[in-house]
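Working through the structure, step by step
Below, each chain spelled out in residue letters.
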Amino acid sequence: GSSGADGQAIRDEILVIMRKFEIKKRKGTFMEEWHQKLHNNSTPDDITICEAYLRFLESNGDKGVFYGYLESKGITKKRLQTYERPI
């Protein structure tokens, strides 16, 4: 269905971002964990996570910007750990 296609589009864009910023796929990194989550269980939260990650990149890596944006949209650090594939 549509959510599967959306998940694939997000996975593809993550790979583009990783290549552009020369981010290696290393086990245990946020990008790798999120990428694996998307393979297994894409959810509407992934759009917000993507928006937060783009703000993180725009802020030169300020994790406070990333988590602040997520929390403003109702996604806490604890919630990130509750996914089938925690991130």
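Helix and strand content of the protein: five helices and zero strands. From first element to last, N terminus to C terminus, the protein shows the α and β order α-α-α-α-α. For 87 residues, the compact-globule estimate of 2.2 N^0.38 gives 12 Å, and the C-alpha radius of gyration of the protein, at 12 Å, lies within 12% of that figure. Principal-axis analysis of the C-alpha atoms gives the protein an extent of 35 × 30 × 20 Å. Across the 87 residues that make up the protein, the buried fraction comes to 30%. For the protein, the share of sequence-separated contacts (at least 6 apart) that also reach a separation of at least 24 residues comes to 44%.

Here helix 3 (residues 45-58) is 14 residues long and its end C-alpha atoms lie 20 Å apart, about the 20 Å a rise of 1.5 Å per residue gives. All of the buried residues along helix 3 are Asp 45, Asp 46, Thr 48, Ile 49, Ala 52, Tyr 53 and Phe 56. Angular distribution of buried residues about the axis of helix 3 spans 155 degrees; they occupy a single face of the element. Once helix 3 ends, the next one or two residues include Asn 60, with phi positive near 60 degrees.

Turning to the side chain of Asp 46, a few remarks are in order. Its place among the elements puts Asp 46 in helix 3. Within polar-contact distance, the side chain of Asp 46 engages the side chain of Trp 34 at 2.9 Å. Ignoring sequence-local partners within four residues, the contact set of Asp 46 consists of Ile 10, Trp 34, Lys 37, Leu 38 and Asn 41.

Turning our attention to the pattern of salt bridges. In total, this model carries two salt bridges according to the counting rule given. Note that Asp 46 is salt-bridged to Lys 37, the shortest N-O span being 2.9 Å. Like Asp 46, the residue Lys 37 is buried in the burial classification.

Cut-off values and rules
Residues numbered from 1 in each chain as written. Predicted model: local features only at pLDDT ≥ 70, side-chain atom pairs only at ≥ 80, totals over all residues. Heavy atoms only, no water. Helix = DSSP H or I, 4+ residues; strand = E, 2+ residues; numbered from the N terminus. Rg over C-alpha atoms; globule rule 2.2 N^0.38 Å. Buried < 20%, exposed > 50% of the residue type's maximum accessible area, 1.4 Å probe, protein only. Contact = heavy atoms within 4.5 Å. Expected span 1.5 Å × (residues − 1). Arc of directions from axis to C-beta. Polar contact = N/O pair within 3.5 Å; in protein donor to acceptor, adjacent residues only side chain to side chain. Salt bridge = Lys/Arg side-chain N within 4 Å of Asp/Glu carboxyl O.

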